Amino acid sequence: MTLPWPLFLALLKLLGRRRRFESVEGLRAAVAHDRKAASAEPPASVRKRCAIGKRQVDGHDCYTLAPLSGAGAVQLLYLHGGAHVAEISPFHWRLMAELVETTGCTAHVPIFPLAPEHTYLRAYAMVNEVYRALAAAHDARQLVLMGDSAGGGLALALAQSFAELGLPQPRDIVLISPWLDLTVSNPAIPPLEADDPWLARPGLAQAGRWWAGDEDPALPHLSPLHGALQGLGRLTVFIGTRDLLLADCRALRDRAAAQSVHVEMHEATGMVHVWPLLPVKQALAARAVIAGIVQVR
């Protein structure tokens, strides 16, 4: 089911999604509520569409979604968003189910530790272990790394570290509204923030500090906008013009060009944060492009 775009925007405002990011107090309250209400398990609707497995990696759950029949060779590692503080949502699970159904890929979804209870260290250790196992068992040309929002930043940061760890690059790295700089300090952000119905700097900056722990959140392994871009898998970015993270996505494109690295940029006019995941007609074309990337091209 898809919603008319004006109705979705009205629901976004009615639900007060932006309030959690407008102040540190709002973020703390949202995290406390989420810890009581959120579930990381795939919804029943997704369980009907995919064969689902679950294993423990470094003491945390990692789910596998596979086609009910005829699995292909592509292995997709998906890192969910949520400002590093919120659990995976039904929107994420529905995107995974759709990609598994349409492309025949097998999706691996780690439920990594979150802030403020944890810093980035345990999440990085878990996801690296998942990727290391995939790289050992499969041709790197069949590996796709994908993430949205905070998970998009995490995906890029980890890809930048793979060479140091002796791991091959995935064939493709797909970033959906990625959070690329935890400091949200880009001077181009404030004008975008004024038109963003979802995100705001105070809560994002606090979430970034929690995630970084005792380290500087601007360091490249936490804010991959500042890291090296040569030698990575093919980079594709999806971003909307009503998303304050647009500023850093454009900066990533420009930094990549300066390093002779191509970024395939899908910048959608009028779209908000993580719009390809949303139940609106405008997201359908984006998801079709993403499916095409996941399939061997």
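Here the structure is a predicted model, which means the values were calculated and not measured. (Residues numbered from 1 in each chain as written. Predicted model: local features only at pLDDT ≥ 70, side-chain atom pairs only at ≥ 80, totals over all residues. Heavy atoms only, no water.)

Here the focus is the pairing of strand β6 (residues 172–176). Both faces of the sheet carry side chains from a regular strand, because those side chains alternate between them. Counted residue by residue, β6 has 5 buried out of 5 residues, so it is predominantly covered. Across 5 bridges, strand β5 (residues 143–148) lies against β6 in parallel orientation. Bridging across to β6, valine 144 finds its partner in aspartate 172. Read as a crossover between parallel neighbours, the route from β5 over helix α6 (residues 150–165) to β6 is right-handed. (Buried < 20%, exposed > 50% of the residue type's maximum accessible area, 1.4 Å probe, protein only. Helix = DSSP H or I, 4+ residues; strand = E, 2+ residues; numbered from the N terminus. Pairing = 2+ DSSP bridges. Right-handed = clockwise from strand over helix to strand, strands pointing away.)

End to end, helix α4 (residues 90–103) covers 20 Å across 14 residues, agreeing with the expected 20 Å (1.5 Å per residue, within 8%). Listed as buried for α4 are His92, Trp93, Leu95, Met96, Ala97, Leu99, Val100 and Thr103. Downstream of α4 by a residue or two, glycine 104 has a phi angle that is positive, lying close to 80 degrees. (Expected span 1.5 Å × (residues − 1).)

Further remarks concern the packing of aromatic side chains. For the structure on display, the rule yields 4 aromatic pairs. With centroids separated by 4.8 Å and ring planes inclined at 75 degrees, the aromatic side chains of tyrosine 120 and tyrosine 124 adopt a geometry described as edge-to-face. On the criterion of helical spacing, the pair formed by tyrosine 120 and tyrosine 124 is a turn pair, its members being 4 residues apart in helix α5 (residues 120–137). Since its relative accessible area comes to 11%, tyrosine 124 is described here as buried. Ring centres of tyrosine 131 and phenylalanine 162 lie 4.1 Å apart, and the angle between their planes is 10 degrees; on these two criteria the pair is classed as stacked. A residue pair is termed long-range when its members are at least 10 positions apart, and tyrosine 131 in helix α5 and phenylalanine 162 in helix α6 qualify at 31 residues. Each member of the pair tyrosine 131 and phenylalanine 162 is classed as buried. (Phe/Tyr/Trp six-rings, centres within 6.5 Å; stacked < 30°, edge-to-face > 60°.)

Here we come to the packing of α5 against α6. Two measures define how a pair of helices packs: the angle their axes make with one another and the distance between the axes. Running from N to C, α5 and α6 point in directions that differ by 65 degrees, and their axes come no closer than 11 Å. Handedness of the crossing formed by α5 with α6: right-handed. When α5 is examined against α6, the residues Tyr124, Val127, Asn128, Tyr131 and Arg132 are found in contact with a partner set consisting of Leu154, Ala157, Leu158, Ser161, Phe162 and Leu165. For the contact of α5 with α6, the residue count by class is 8 nonpolar, 2 polar and 1 charged. (Axes fitted to C-alpha atoms, helices over the stretch in contact; angles between N-to-C directions. Left-handed = near helix turned anticlockwise from the far one by under 90°. Contact = heavy atoms within 4.5 Å. Nonpolar A, V, L, I, M, F, W, Y, C, P; charged D, E, K, R; others polar.)

Attention shifts here to the pattern of salt bridges. Should the charged atoms of two oppositely charged side chains come close, the side chains can pair. All chains considered together, the criterion is met by 13 salt bridges. With its nearest N and O atoms 3.4 Å apart, the salt bridge here joins arginine 242 to aspartate 195. One end of the pair, arginine 242, is in the loop between β7 (234–240) and α9 (246–258); the other, aspartate 195, is in the loop between α7 (189–193) and α8 (201–212), and 47 residues separate them in sequence. Judged by its relative accessible area of 22%, arginine 242 is partly exposed. Owing to a relative accessible area of 39%, aspartate 195 belongs among the partly exposed residues under this scheme. Within the structure, one salt-bridge network assembled from shared partners comprises Arg171, Asp172 and Arg234. (Salt bridge = Lys/Arg side-chain N within 4 Å of Asp/Glu carboxyl O.)

Counting residues in hydrophobic clusters, the biggest one holds 109 residues, and the most contacted among them are Leu65, Leu79, Met96, Phe112, Met146, Trp179 and Trp211. Beyond its immediate sequence surroundings of up to four residues, leucine 79 is in contact with Pro110, Phe112, Val127, Leu145, Met146, Gly147, Asp148, Gly151, Gly152, Leu154, Ala155 and Leu158. (Core = buried A, V, L, I, M, F, W, Y, C linked by side-chain atoms within 4.5 Å.)

Let's shift gears to the sheet that holds strand β3 (residues 75–79). Within a sheet, adjacent strands bond to each other through the backbone by hydrogen bonds, running parallel or antiparallel. Ordered in space as β1-β2-β4-β3-β5-β6-β7-β8, the 8 strands form an open sheet in which the pairing is mixed. Each edge of the sheet is formed by a strand with only one pairing partner; in this case those strands are β1 (51–57) and β8 (263–268). Across the sheet, the axes of successive neighbouring strands diverge by a mean angle of 20 degrees, strand direction being ignored. Of the pairings in the sheet, the one linking β3 to β5 comprises 5 bridges and is parallel in character. Following the sheet pairing, leucine 79 is matched in β5 by glycine 147. Packing against the sheet, α4 makes contact with β2 (60–66), β3, β4 (106–110), β5 and β6, and its axis sits at approximately 35 degrees to β2. Each of β1, β2, β3, β4 and β5 is contacted by α5, which is oriented at about 175 degrees to β3, the strand it contacts most.

A few words on the layout of surface pockets. Within this model, the largest pocket holds a volume of roughly 860 Å³. Taken together, 39 residues form the lining of the largest pocket, with Arg17, Ser89, Pro90, Phe91 and Trp198 sitting closest to its centre. When contributions to the lining of the largest pocket are tallied by element, the ones reaching two or more residues are α1 (5–14), α2 (24–37) and α4. Of the residues contributing to the lining of the largest pocket, the split by class is 24 nonpolar, 9 polar and 6 charged. (1 Å grid on protein atoms, 1.4 Å probe; cavity = no way out; pocket = protein on both sides within 12 Å on 5 of 7 lines; lining within 4 Å. Points joined across faces, edges and corners; volume = space filled by probe spheres on them.)

The subject of this paragraph is unusual backbone geometry. Omega for the bond connecting alanine 115 with proline 116 falls within 30 degrees of zero, at 5 degrees, which places this linkage in the cis form. With respect to the helices and strands, proline 116 occurs in the loop between β4 and α5. One non-glycine residue with positive phi stands out, namely histidine 84, at about 65 degrees. Checked against the element boundaries, histidine 84 lands in the loop between β3 and α4.

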